[in-house]
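Overview (structure and organization)
So the chains spell out like this:
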Amino acid sequence: MSKNNKPNLSEYFANDPPSFFDELANKPKTKEIPTDASASGATNMMSNTFTGFFQPPEYVETPEADFADFKVSEEVKNLWELPRENEHGKLISPGIHLQSDLRDPISIAVTQHLGEAELANRKILLVDDVTQDERGLRTLINAGCYRTAVNLTGRLLTIYGQGYGRSGQPAKHSPHSLQLWFTRLALLAKLGEFELLNTEAEPFGQLSSPDVFYDFYPEMYNGKSGSIACFSFRLLLAELPIYLGKPHIALDRLSELHVTSREIREHYIVQRNKQAEEFWQRRCERVLHSIINCGLMMKKFSMIDDIMDGILLKRTNLSKEDQRSLYSAWGRIYLQIGDIFGAEQKFAVTRRLREINSAPDLRDLVDKGLIAVAKNDFPEAYVIFQKALHLDSGNTMILNNMGVCLLYAGKLKDAINLYERAIHLNPQKSLNESLLVNLSTLYELESNNSKAKKFNLLRLINRYKPDLNISIEICLKLQAILN
């Protein structure tokens, strides 16, 4: 978020949101490194023992930290290729596809399994509890009330004449209305509401219609030119097929996005505008990060290798810390394809780039722990992750890795105790989806009567978590209880 006291939504929601790749590559001081040894979004913690699989990008919580140093004009930010005359298609006419608000699945589960008395302990913000504007949206998102935020976007878009039943009807677009749509669709992506996301995103296509450019409204914007829609909106729509299990389509869209971004960068090279050039270079790389995600899903590892090699070798102004982040991410990709030797080589470069005589930092320890996991040396991996935890005691991802290591080492009860202690010390943070899935799995492995312990987790979720990114049934494996 901007340092201003009253940022607008375009500043609050990351203009170039991070993805799984960014989470690996970002500096530890700005973002917790995802080091989850458990399965990502899976119901079986045994299916994967180290990070590397694709994870949906975070569009909502993280500010545009990597772009904070760039003070470029709106003209630079909004520059985009105008639709050619013979490419003018139909205008964009979006509309809400839900007649009522999104329901709270946690409340439904609590009512079903624990009753109304327990539901009374649930205290979350509702739409009418906040101001009906951008400030209200920020309040809801800061509180983690993402479904309520989606519902507020519905109210605000209705004011623009783009509410329920308005799909296909004529509409005028503004920076605010398109930002609201981006916010809504980004939240739906975060919540895993992919069917609704796909339906509501369909009218926007790839934002190539003329009515999402300032040039379409010369009188309204005094001759201003460029894209009304933010770059992140274009990126989200290009990545959308990933959520639907169609990474090959996403790869095509992202490749087109990268070509256009690169052309804009080259335009500023010709103009000798260094700051604008660097700004668009970052955007090009952000698209490449998403292409890497597609490559991971499609097992196009040679393509990934070429991209990583290009990022590292062509950028002459990368700091040592940035290089370390990239080599670390590269090594973890090698681990995913089972190339332990290749991963060790990349991690060795990461270590050599560290300050001379400095102690191993969080990244080094996590990399070393993942190598131990890949070699099936789970006791050693546990010790290494334990050292990493001393550097970041609140890192639930490291705790998750430690629990999986304990399980593989045959210490089921110790793994359960580790997770339960983490939840007790910091329930708001530790009640994350992957830890809940893993702990529920451990309860089932421990006993045929896991029902009471799962219901106790549900009580904690009811009291501490406004929303979850995957269904409560999957998190707690409630299907087993119903069966």
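Before reading on, note that the structure itself is shown above.
Before going into details, it helps to say that this report is about the structure given with it. Worth saying up front: this structure is predicted, and the values here are computed from it rather than measured.

A separate point is the overall build of the chain. Secondary structure assignment for the chain yields 24 helices and zero strands. Put simply, the chain has 483 residues, and 54% of those count as buried. Within the chain, counting contacts between residues at least 6 apart in sequence, those at least 24 apart form 68% of the total. Of the roughly 22100 Å² of accessible surface on the chain, 49% is carried by carbon and sulfur atoms.

Tallied over the full model, the rule gives 21 salt bridges. Note that arginine 184 and glutamate 200 form a salt bridge whose closest N and O atoms lie 2.6 Å from each other. Of the two residues, arginine 184 sits in helix H8 (residues 175–191) while glutamate 200 sits in helix H9 (residues 194–201), which places them 16 residues apart along the sequence. With relative accessibility at 2%, the residue arginine 184 sits in the buried group. Glutamate 200 sits in the buried class, given a relative accessible area of 0%. The closest approach of N and O atoms between arginine 363 and glutamate 321, which form a salt bridge, is 2.8 Å.

On to the environment of glycine 165, then. Take glycine 165: it is sitting in the loop between helix H7 (146–159) and H8. Distance from glycine 165 to proline 94, taken between C-alpha atoms, is 9.4 Å for residues 71 residues apart in sequence.

Now for a positive patch on the surface. On the surface, Arg351, Arg352, Lys368 and Lys387 cluster together into a patch of positive charge. Its relative accessible area of 46% is what places arginine 351 among the partly exposed residues.

This part is about the side chain of serine 209. Within the element layout of this structure, serine 209 appears in the loop between H9 and helix H10 (231–243). Once you skip the residues sitting within four places of it in the chain, serine 209 turns out to touch Pro83, Lys90 and Ile92.

Before going further, it helps to spend a moment on H10. The first and last C-alpha atoms of H10 sit 19 Å apart over 13 residues, in line with the 18 Å expected at 1.5 Å per residue. Considering bend angle alone, the principal kink of H10 is centred on leucine 237 and spans about 30°; proline proline 241 follows within four residues of it.

In this section: the packing of helix H6 (residues 134–142) against H8. Axis separation between H6 and H8 bottoms out at 13 Å; the angle between their running directions is 15°. Classified by the interaxial angle, the pair formed by H6 and H8 is roughly parallel. Where H6 crosses over H8, the two elements pack in a sense that is left-handed. Contacts between H6 and H8 involve Glu134, Leu137 and Ile141 from the first element and His176, Leu180, Thr183 and Leu187 from the second. Of the residues in the contact of H6 with H8, the class split is four nonpolar, two polar and one charged.

With that settled, consider the environment of aspartate 364. Note on placement: aspartate 364 falls in helix H16 (residues 362–374). Taking the C-alpha atoms as reference points, aspartate 364 and threonine 350, 14 residues apart in sequence, are found 7.7 Å from one another. Those residues in contact with aspartate 364 that lie beyond four places of it in its chain are Arg324, Thr350, Arg351 and Arg354. At 2.5 Å, the side chain of aspartate 364 forms a polar contact with the side chain of arginine 354.

On to the environment of glycine 331, then. Structurally, glycine 331 can be placed in helix H14 (residues 320–336). Separated by eleven residues in sequence, glycine 331 and glycine 342 have C-alpha atoms that sit 7.0 Å apart. In this structure, glycine 331 is in contact with Ala343, Lys346 and Phe347, ignoring residues within four places of it in sequence.

Applying the stated criterion to the full structure yields 14 aromatic pairs. Among the aromatic residues, those joined into a ring-pair cluster are Trp80, Phe231, Phe279 and Trp280. Lying across the ring of tyrosine 214, lysine 224 places its NZ or CZ 4.4 Å from the centre. In this structure, lysine 346 packs its charged tip against the face of tryptophan 330, placed 3.7 Å from the ring centre.

For the rest of this paragraph, the subject is the packing of H10 against helix H12 (residues 274–298). Contact geometry of H10 with H12 gives a least axis separation of 11 Å together with a crossing angle of 10°. In terms of orientation, H10 and H12 fall into the roughly parallel class. Where H10 abuts H12, its residues Phe231, Leu235, Glu239 and Ile242 lie against Trp280, Arg283, Arg286, Val287, Ser290, Cys294 and Met297. The class makeup of the residues in the contact of H10 with H12 is seven nonpolar, one polar and three charged.

Here we take up unusual backbone geometry. Even without a glycine there, the phi angle at asparagine 222 is positive, about 55°. Secondary-structure assignment places asparagine 222 in the loop between H9 and H10. Unusually for a residue other than glycine, asparagine 376 sits at a positive phi of about 65°. Summarising the element assignment, asparagine 376 is placed in the loop between H16 and helix H17 (378–391). Residue asparagine 376 is classed as exposed on the basis of its relative accessible area, which comes to 56%.

What counts, and where the lines are drawn
As a convention, each chain's residues are numbered from 1 in the sequence order in which they are written. Owing to the predicted nature of the model, reporting of local features is limited to residues with pLDDT of at least 70; listing and counting of side-chain atom pairs is limited to 80 or more, with chain, interface and lining totals taken over all residues. To get the side-chain values, take all heavy atoms of the structure and skip hydrogens and water. In DSSP terms, a helix is any run of H or I states spanning at least four residues, a strand is any run of E spanning at least two, and both are numbered starting from the N terminus. Here the term buried applies to any residue with accessible area under 20% of the maximum for its type, exposed to any over 50%, and partly exposed to those in between, with areas from a 1.4 Å probe on protein chains only. Throughout, a residue-residue contact means that at least one pair of heavy atoms, one from each residue, lies within 4.5 Å. Only the protein chains shown count as covering a residue, and every accessible area follows the Shrake-Rupley method with a 1.4 Å probe. In the sections that follow, a salt bridge refers to a side-chain nitrogen of Lys or Arg positioned within 4 Å of a carboxyl oxygen of Asp or Glu. Candidate patch residues must exceed 30% relative accessible area and have no salt bridge, after which like charges are joined if within 9 Å and Val, Leu, Ile, Met, Phe, Trp or Tyr side chains if within 5 Å. Charge assignment: positive for Lys and Arg, negative for Asp and Glu; neither His nor the chain ends contribute. To locate a charge, take atom NZ for lysine, CZ for arginine, CG for aspartate or CD for glutamate. The span one expects for a helix is its residue count, reduced by one, times 1.5 Å. The bend reported for a residue corresponds to the angle between axes fitted to the seven residues ending at that residue and the seven starting there. Orientation is described by axes fitted as lines to C-alpha atoms, over the contacting stretch for helices, and by angles from 0 to 180 degrees between their N-to-C directions. When describing relative orientation, an angle under 35 degrees is termed roughly parallel and one over 145 degrees roughly antiparallel, while 65 to 115 degrees is termed roughly perpendicular and anything else oblique. A clockwise turn of the near helix away from the far one marks a right-handed crossing, whereas an anticlockwise turn of less than a right angle marks a left-handed crossing. Under the convention adopted here, Pro, Cys and the residues Ala, Val, Leu, Ile, Met, Phe, Trp and Tyr are nonpolar, Asp, Glu, Lys and Arg are charged, and Gly plus all remaining residues are polar. Polar contacts, as used here, are pairs of N or O atoms within 3.5 Å; protein pairs need one atom able to donate a hydrogen and one able to accept it. Residues neighboring in sequence count only if both atoms are side-chain atoms. Note on aromatic pairs: the rings of Phe, Tyr and Trp (six-membered ring only in Trp) are paired at centre separations within 6.5 Å, and the planes decide the class, stacked below 30 degrees, edge-to-face beyond 60, tilted for the rest. Any Lys NZ or Arg CZ that is within 6 Å of a ring centre and within 35 degrees of that ring's normal is treated as a charge sitting over the ring.

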